[in-house]
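Architecture at a glance
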Amino acid sequence: MPTSQSGAARPSPDRVTPDNLLHTRTGTEVSPEDMVLAAGRDITPRNLAWAKRKLDEEGPNAIEKLLP
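What comes next concerns the included structure. Residue positions are given per chain, counting from 1 as you read along its sequence in written order. Per-residue local features of the predicted model are confined to residues with pLDDT of at least 70, and side-chain atom pairs are confined, for both listing and counting, to 80 or more; whole-chain, interface and lining totals are unaffected and use all residues. To obtain the side-chain values, all non-hydrogen atoms of the structure were used and water was disregarded.

Regarding its fold elements, the protein chain presents two helices and zero strands. Classification of the 68 residues of the protein chain by burial places 15% in the buried group. Every helix listed is a DSSP run of H or I at least four residues long, and every strand listed is a run of E at least two residues long, numbered separately from the N terminus. Each residue is assigned to one of three classes by its accessible area relative to the maximum for its type, calculated with a 1.4 Å probe on protein chains only: buried under 20%, partly exposed between the two thresholds, exposed over 50%.

Right, dumping it as structure tokens:
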């Protein structure tokens with residue numbers, strides 16, 4: 001039995017994300033909250049302190065180490 005082709009125009013869920021969508025640097029500052037969320041952690045005082053230390057030590061590029 002033939003299947004419908006109506007879903008053919010939808011993007012495949014296993015499609016690779018384009019490289020330009022993976023980079024975080026948009027010219028804006030990276031906040032401790034950004035770092036915590038990029039690490040997959042909850043925003044708590046302890047995690048915010050960790051993120052602030054990372055940003056102070058490594059600068060805004062520290063977030064790139066957390067993302068693919």
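So much for the structure itself; the text now carries on.
What follows is about the environment of Asn-47. Within the fold, Asn-47 resides in helix α2 (residues 45–58). Judged by relative accessible area, which is 15%, Asn-47 ranks as buried. Residues in contact with Asn-47, not counting those within four places in the same chain, are Val-36, Arg-41 and Asp-42. Two residues form a contact once any of their heavy atoms are found within 4.5 Å.

We define the nonpolar core as a collection of buried residues of types Ala, Val, Leu, Ile, Met, Phe, Trp, Tyr and Cys that are connected through side-chain atoms lying within 4.5 Å of one another. Counting eight residues, the largest nonpolar core is built from Val-30, Met-35, Val-36, Trp-50, Ala-51, Leu-55, Ala-62 and Ile-63. Mapped onto this core, the elements with two or more residues apiece are α1 (32–38) and α2. A per-element tally of this core places α2 first, with three residues. Those residues in contact with Ala-62 that sit more than four places away from it in its chain are Met-35 and Lys-54.

To continue, consider the pattern of salt bridges. By salt bridge we mean one thing: a side-chain nitrogen of Lys or Arg within 4 Å of a carboxyl oxygen of Asp or Glu. For the coordinates displayed, the defined rule picks out three salt bridges. The salt bridge involving Lys-52 is made with Asp-56; its shortest N-O contact spans 3.2 Å. One end of the pair, Lys-52, and the other, Asp-56, are both in helix α2, four residues apart, so they sit about a helical turn from each other. Judged by its relative accessible area of 46%, Lys-52 falls in the partly exposed class. On the basis of relative accessibility, which here comes to 59%, the residue Asp-56 falls in the exposed class. Between Lys-54 and Glu-58 there is a salt bridge; the shortest N-O distance is 3.0 Å.

Function-wise, these values are silent; they only describe arrangement.
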